[in-house]
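One-letter residues, chain by chain:
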Amino acid sequence: MARRALLAGAVMAVGATVLAGCGRSDGADGGAESKGAIDEQPAKGTVEIWAMGNEGEVLGKLAAKFEEENPDVTIDVTAVPWESAHDRIATAIAGGETPDISMLGTTWVGEFAATGAFEPTPEGLVDEDSFFDGSWDTTVVDGTAYGVPWYVDTRVLYYRTDLAEAAGVEAPTTWDEYHAFAKALHEQGAASGVSLPPGGFDSWQYVAPLAWQQGGDILADDGETFTLDSPEWKEAFEFYAGFFEDGISEPVRLEGGEIEQKFISGEVGSFFSGPFHVSLLLEQGGADFADKFAVAMVPGADSRTSFTGGGNLAVFDDSDNRDAAWKFVRWLSQPETQIAWYDVSTDLPSVEAAWDDPTFADDPYLSVFGEQLTDSKAPPAIPTWAQISAVIDQELEKVARGESSVDDALSSVQQQAESIGTGQ
């Protein structure tokens with residue numbers, strides 16, 4: 001994490017030079033002025049795109065259809081491993097050797113947009129209202145959109161229906177029900193009634209929704225003032241830590257592969273995760289296991305807000321083929337394309353209209369994710385978010401392990417966040 005922070009600082013320094021060389025006084029206007037050219041010019045030439053993980057491996061299958069519709073275009077896909085993607089993009093920006101398009105983790109947008117390396121999304125290219133609000137917000141930095149949401153991810157509650165039935169409880173909707181539900185599953189023999197990470201990497205994704213559900217947030221309305229020591233964050237930390245204090249959750253972080261097996265064996269009664277776990281559980285649990293688990297929207301307080309993530313697509317300001325690049329990005333955001341993309345990748349559509357398709361609307365698992373996406377939120381797109389979130393992770397772990405009080409932890413979070421700043 002420290003290495004990433006240093007790289008982010010280096011990229012931001014380079015960004016000042018990049019932005020100065022762009023000759024663009026207002027990025028939003030630059031995008032609006034050039035939208036006509038995107039519509040008028042036929043798509044042609046080569047478009048180079050970097051995509052991460054599984055998306056990079058399978059995008060070529062979908063891109064072939066775009067090439068059929070645009071015979072003068074070649075989509076050149078480079079698959080980039082997730083573990084090296086952040087640093088590779090940073091290095092490419094610093095060296096001025098970027099592709100036309102890159103897929104981005106949603107929490108990276110603020111950091112890289114601050115370098116001036118991305119072209120603002122051309123006005124009118126897509127209808128921002130066609131996307132889930134939380135998803136579109138991940139593209140917006142200081143009032144300007146950089147790129148387009150490609151696919152979305154959100155967290156819901158996975159739970160063992162057989163254990164819940166034996167305990168006489170139903171899927172929880174409130175915090176009180178959530179605690180009682182997890183306790184009941186624990187009493188039915190699950191070592192963890194709900195499996196939660198006791199701090200550490202990305203555990204903020206579990207506790208931030210608890211603050212959001214009460215109306216709390218990370219930044220005040222001015223977009224600059226951190227509010228991480230607010231009453232809402234205190235309630236969130238205390239509620240989260242209570243699962244460990246009461247012995248309902250084991251203070252053990254389960255790695256990939258462990259959570260599935262412990263859930264199937266009954267050692268874990270419930271956990272929060274994205275849509276990819278559905279297929280994993282059905283494959284690993286066997287034919288009969290489908291009747292032993294279900295998913296539900298996250299329980300909440302004033303709202304049932306969950307964390308949203310996913311992948312965005314951004315076009316670099318120095319793209320050699322920017323018109324064709326934006327045409328491809330727009331094509332990828334069309335509902336019919338996103339439905340086809342799910343068949344290839346199992347990535348969930350970022351465009352709400354795609355969810356009307358029976359593939360999603362009639363599926364007992366996916367339909368829950370669609371409902372959850374209407375109440376999901378992302379952290380602010382600020383350049384320093386990686387550093388801020390690491391501080392939350394560290395202090396939450398101290399609280400969960402009984403090494404620090406909630407007040408002391410949040411005081412430390414707030415002080416460090418103020419010291420780091422928003423980087424804007």
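What counts and what doesn't
Residues numbered from 1 in each chain as written. Predicted model: local features only at pLDDT ≥ 70, side-chain atom pairs only at ≥ 80, totals over all residues. Heavy atoms only, no water. Salt bridge = Lys/Arg side-chain N within 4 Å of Asp/Glu carboxyl O. Buried < 20%, exposed > 50% of the residue type's maximum accessible area, 1.4 Å probe, protein only. Axes fitted to C-alpha atoms, helices over the stretch in contact; angles between N-to-C directions. Helix = DSSP H or I, 4+ residues; strand = E, 2+ residues; numbered from the N terminus. Parallel < 35°, antiparallel > 145°, perpendicular 65-115°, else oblique. Left-handed = near helix turned anticlockwise from the far one by under 90°. Contact = heavy atoms within 4.5 Å. Nonpolar A, V, L, I, M, F, W, Y, C, P; charged D, E, K, R; others polar. Core = buried A, V, L, I, M, F, W, Y, C linked by side-chain atoms within 4.5 Å. pLDDT = per-residue confidence, 0-100.

**Q** Help me understand the pattern of salt bridges, please; the structure alone is not making it clear to me.
**A** Within the structure shown, the criterion is met by eight salt bridges. The residue E397 makes a salt bridge to R401 at a minimum N-O spacing of 3.1 Å. Residue R401 is classed as partly exposed on the basis of its relative accessible area, which comes to 39%.

**Q** Looking at this model, I keep getting lost on the packing of helix α9 (residues 204–212) against helix α10 (residues 231–245). Mind explaining?
**A** The relative placement of two packed helices comes down to the angle between their axes together with the axis-to-axis distance. Look at α9 against α10: their axes get within 8 Å of each other, and the N-to-C directions meet at 130°. The orientation of α9 with respect to α10, classified from their angle, is oblique. As α9 runs across α10, the sense of the crossing is right-handed. On the side of α9, the interface is formed by Y206, V207, A208, L210 and A211, while α10 contributes E232, W233, A236, F237, F239 and Y240. For the contact of α9 with α10, the per-class residue count stands at 10 nonpolar, no polar and one charged.

**Q** Teacher, can you tell me more about unusual backbone geometry here?
**A** Most peptide bonds take the trans form, and the phi angle of most residues other than glycine is negative. Positioned with a positive phi, D202 is a non-glycine residue whose angle comes to about 60°. On the basis of relative accessible area, D202 is assigned to the partly exposed category, the value being 23%. Look at T346: it is not a glycine, yet its phi comes out positive at around 65°. Relative to the elements of secondary structure, T346 occurs in the loop between α14 (335–345) and β11 (348–349).

**Q** Can you walk me through the nonpolar core in this structure?
**A** One broad rule of soluble globular proteins: the nonpolar side chains tend to lie buried together. Formed by 53 residues in total, the largest nonpolar core has its most connected members in I89, I101 and F328. In terms of residue count, the dominant contributor to this core is helix α13 (residues 322–332) (seven residues). Each residue touching I89, except ones within four places of it in the same chain, is listed here: W50, M52, S102, M103, L104, W108, F112 and F316.

**Q** Mind showing me how you'd approach the confidence of the model for the protein chain here?
**A** For the protein chain, the average pLDDT comes to 91, and 91% of its residues sit at 70 or higher. With pLDDT under 50 throughout, residues 1–33 is counted as low confidence; its partners more than four residues away or in other chains account for 45 contacts.

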